[in-house]
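Listed below, chain by chain, are the residues.
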Amino acid sequence: MNIPKKIKNICCIGAGYVGGPTMAVIAQKCPEIKVTVVDINEQRIAAWNDKILDNLPIYEPGLSEVVKEARGRNLFFSTDVDKAIVEAEMVFISVNTPTKTYGVGKGMAADLKYVELCARQIAKVSTSDKIVVEKSTLPVRTAQSIKTILDAEGKDIQFKVLSNPEFLAEGTAIEDLHHADRVLIGGDQDVDGLKAIQCLVEIYAHWLTKERILTTNVWSSELSKLTANAFLAQRVSSINAISALCEHTGANVDEIANAIGADSRIGSKFLKASVGFGGSCFQKDILNLVYIARSYGLEEVADYWNQVIILNDYQKRRFAETVVNTLFNTISGKKIAVLGWAFKKDTNDTRESAAIYVADYLLNEQAELMVYDPKVKPEQIYADLDYLNTRSEEENRRLLTVVTNPYEAMDDAHAVTILTEWDEFKNYDWKKVYRGMKKPAFVFDGRNVLENELLKSIGFLTFNLGRS
Ligand SMILES: NC(=O)c1ccc[n+]([C@@H]2O[C@H](COP(=O)([O-])OP(=O)(O)OC[C@H]3O[C@@H](n4cnc5c(N)ncnc54)[C@H](O)[C@@H]3O)[C@@H](O)[C@H]2O)c1
Ligand SMILES: O=c1ccn([C@@H]2O[C@H](COP(=O)(O)OP(=O)(O)O[C@H]3O[C@H](CO)[C@@H](O)[C@H](O)[C@H]3O)[C@@H](O)[C@H]2O)c(=O)[nH]1
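The written sequence of each chain sets the order in which its residues are numbered from 1. Chains carry letters and ligands carry numbers; both start at the beginning, A for chains and 1 for ligands, and go up in the order they are written. For this predicted model, a pLDDT threshold of at least 70 governs which residues receive local features, and a threshold of 80 or more governs which side-chain atom pairs are given and counted, while totals over whole chains, interfaces and linings are taken from all residues. Hydrogens and waters are ignored; side-chain quantities use all the structure's heavy atoms.

A. Fine view of the overall build of the protein chain. Helix and strand definitions here come from DSSP, where helices need a minimum of 4 consecutive H or I residues and strands a minimum of 2 consecutive E residues; each element is numbered from the N-terminal end. What the protein chain contains, in helices and strands, is 18 helices and 14 strands. When the backbone C-alpha atoms are referred to their principal axes, the protein chain occupies close to 75 × 50 × 45 Å. The rule is simple: take the accessible area with a 1.4 Å probe, protein chains only, and divide by the maximum for that residue type; under 20% is buried, over 50% is exposed, in between is partly exposed. Buried residues in the protein chain amount to 53% of all 468 residues. Whether two residues are in contact is decided by their heavy atoms, any of which lying within 4.5 Å being enough. In the protein chain, the share of contacts with a sequence separation of at least 24, taken over all contacts with a separation of at least 6, comes to 75%. Reported accessibility uses the Shrake-Rupley method at a 1.4 Å probe radius. Residues are deemed covered only where the shown protein chains occlude them. When the accessible surface of the protein chain is totalled, it reaches about 20,900 Å², and 51% of it is carbon and sulfur. Charge-centre separation for the protein chain: the mean point of 55 positive side chains lies 2 Å from the mean point of 63 negative side chains. Only four residue types enter the tally: Lys and Arg on the positive side, Asp and Glu on the negative side, with His and both chain ends excluded. Where a charge lies is defined by one atom per residue type: Lys uses NZ, Arg uses CZ, Asp uses CG and Glu uses CD.

Laid out in structure tokens, this is it:
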């Protein structure tokens, strides 16, 4: 196989939350490499090419500066997928791999149809040898299927498949890419496989030390990604389970997190109790892990990881139930402010956000919701609710109003719920909010971000996760 010493031309299929920022940083750090990010979504590509950097399709701190530096120099966004594949020596597949919504594995397995389409397209249009890199999160042993599809065209060209899962978190994507704890590259352990691995190592070595670039066999790399997310999500479910116990015992979950996190074997990160984890990855990847374990007959393993999801669903439901119970068992016709719709702060992404499920529960109880989020657009909020199919689109719009001013959301409300930990919430004039609200004025802090003592001194009745 013809493997170049140095890669000069990269194509990335998929200009989403991963493909966009990852390739922007590669282009920024490797000015001698031409990087073309392609997507079938014309609107998305147009937004990536928009002269006004505020219009990029993704909000990530620091992203616009990186794009500004590299775009038009060696970073390009295009809808011409075939051309970019043909020209590239290395093709990243960074398309979505959602949970299947149909057929065998429905609701559990990863839907690999987009990945398969990419592999077929690469096989069809390629005219030279290529290194194909799995950037999407994939079930263990997918590289084998991709290789089979790539080779099936029977052309006289060769492909090597690498696994290079992405570990960036949204909201800190650029920081995570610039200062990655580690980069993981899995590949075949034969001569060409090791050469291909080296090509990718050299790219990341432009800005990361070699100790941070880990290389493994393909299957370890694929399975490490699912495992990392499962461990992270498990920590959140673990602390959330303890938060429920705290509320009955007088213990304080933040104090517990602090106390156990001081043990260097446990570590202090990812121990923040919350209304439940969201995001496009944790639930999808654990469901996928559970599905894979069951497919090998490993029922105990599957049940173990499935419990992380069960606990997360419980936490979202428990929070919503607390709101109803505290507001004297009825919220019908009551105005409730929802602050935060994104699944975490500093992102406009709402996929699997806890806010969607809490809002749905409150709407079922006929509450009138006033939603404010600093970055999420109204049409996204309605689309998230409509997707659940719980009630008609008209009903969702009648019961839920999206506002651009947080004070408007809280004015005359019976209660305020905090569902995302946006920093700006801490700095509101809570005395003014109190004056405008119905009494008793309740605050349900699903992220434990507000100053509880201050709120109480103003006159609010407060509920904090994990405090009695
Ligand atoms: N979002 C994250 O923070 C994150 C982090 C690490 C890993 N991942 C994984 O990375 C992958 C991508 O996630 P994402 O959040 O960027 O998804 P996304 O939905 O934001 O982007 C995927 C893009 O791929 C495009 N696409 C799909 N099929 C295509 C095709 N055949 N040709 C061209 N374009 C095509 C879609 O139009 C879309 O724009 C997933 O497997 C995900 O699990 C995501
Ligand atoms: O102590 C914590 C930490 C996180 N969360 C919640 O957990 C969810 C996920 O947060 P985070 O992991 O920070 O964001 P993601 O962008 O989903 O990133 C995760 O998923 C990505 C996609 O696979 C991986 O690349 C990242 O490494 C992994 O952190 C969010 O709802 C957070 O609010 C908590 O409730 N408590």
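B. Local environment of the site of ligand 2. Put simply, a residue is near a molecule or strand once any heavy atom of it comes within 4 Å of that molecule or strand. The immediate surroundings of ligand 2 are formed by 21 residues, with Phe167, Leu168, Ser274, Cys281 and Arg447 found nearest. Polar contacts, as used here, are pairs of N or O atoms within 3.5 Å; protein pairs need one atom able to donate a hydrogen and one able to accept it. Residues neighboring in sequence count only if both atoms are side-chain atoms. Between Asn229 and ligand 2, the recorded distance is 2.8 Å, taken from a side-chain N or O atom to an oxygen atom. In the model, an oxygen atom of ligand 2 is placed 2.6 Å from a nitrogen or oxygen of the Ser274 side chain. The protein chains hide 90% of the 690 Å² of surface that ligand 2 would expose on its own. Considering every element that reaches the shell around ligand 2, the biggest residue donor is helix α9 (residues 218-249), with 4 residues. Put simply, Ala, Val, Leu, Ile, Met, Phe, Trp, Tyr, Cys and Pro go in the nonpolar bin, Asp, Glu, Lys and Arg in the charged bin, and everything else, Gly too, in the polar bin. Grouping the constituent residues of the shell around ligand 2 by class yields 11 nonpolar, 3 polar and 7 charged. Three or more residues apiece are contributed to the shell around ligand 2 by two domains, here domain 1 (9-208) and domain 2 (282-464). Segmentation of the chain into domains, including their bounds, is taken from an automatic or database domain assignment.

C. Fine view of the pairing of strand β4 (residues 90-93). Burial along β4 is two-sided: Met90 and Phe92 and Val91 and Ile93, pointing in opposite directions, are all buried. Whether two strands pair depends on DSSP finding at least two bridges between them. Judged from the 4 bridges that link them, strand β1 (residues 9-13) and β4 form a sheet pairing that is parallel. When the bridges of β4 are listed, Ile13 appears paired with Ile93. Strand direction decides the pairing type here: β4 and strand β5 (residues 130-134), joined by 4 bridges, are parallel. Residue Ile93 lies in a different strand from β5, and its bridge partner there is Glu134. Where the polypeptide runs from β4 across helix α5 (residues 113-125) and back to β5, its parallel neighbour, the crossover connection is right-handed. Note on handedness: a crossover is taken as right-handed if, strands pointing away from the viewer, the path from the first strand over the helix to the second is clockwise.

D. A look at the environment of Ile242. Looking at the element boundaries, Ile242 is found in helix α9. Its relative accessible area of 34% is what places Ile242 among the partly exposed residues. Sequence separation between Ile242 and Lys377 is 135 residues, and the spatial gap between their C-alpha atoms is 34 Å.

E. Representation of the pairing of strand β14 (residues 461-464) in the model. Sheet analysis places strand β13 (residues 442-445) next to β14, joined by 4 bridges and oriented parallel. Bridged to Asp445 within β14 is Asn464. Once you follow β13 into helix α18 (residues 452-458) and on to β14, the crossover reads as right-handed.

F. View of the packing of α5 against helix α6 (residues 142-151). To get an axis, fit a line to the C-alpha atoms, keeping to the stretch in contact for a helix; angles then go from 0 to 180 degrees between the N-to-C directions. Where α5 meets α6, the closest approach of the two axes is 8 Å, and the angle between their N-to-C directions is 30°. The two elements α5 and α6 meet at a crossing, and its hand is right-handed. Facing Val115, Glu116, Ala119, Arg120, Ile122 and Ala123 of α5, the residues of α6 in contact are Ile146, Ile149 and Leu150. Broken down by class, the residue content of the contact of α5 with α6 amounts to 7 nonpolar, no polar and 2 charged. In this scheme, a crossing is called left-handed if the near helix is turned counterclockwise away from the far one by less than a right angle; it is called right-handed if the turn is clockwise.

G. Spotlight on the site of ligand 1. Around ligand 1 lies a shell of 25 residues, among which Asp39, Arg44, Thr97, Glu170 and Lys284 are the nearest. One of the side-chain N or O atoms of Lys284 is found 2.5 Å from an oxygen atom in ligand 1. Contact with the protein chains hides 93% of the accessible area of ligand 1, taken as 830 Å² for the molecule alone. Split into classes, the residues belonging to the shell around ligand 1 amount to 9 nonpolar, 9 polar and 7 charged.

H. Summary view of the pattern of salt bridges. The term salt bridge refers to a pairing of a side-chain nitrogen on Lys or Arg with a carboxyl oxygen on Asp or Glu at a separation within 4 Å. This structure, assessed with the given rule, holds 28 salt bridges. One salt bridge in this structure joins Lys147 and Asp151, with 2.8 Å as the shortest N-O distance. Of this pair, Lys147 and Asp151 both sit in helix α6, 4 residues apart, which is roughly one turn of that helix. Taking the relative accessible area as the measure of exposure, Lys147 reaches 21% and is therefore partly exposed. The closest approach of N and O atoms between Arg398 and Glu395, which form a salt bridge, is 3.1 Å. Here Arg398 and its partner Glu395 are both found in helix α15 (residues 393-399), 3 residues apart, which amounts to about one turn of the helix.

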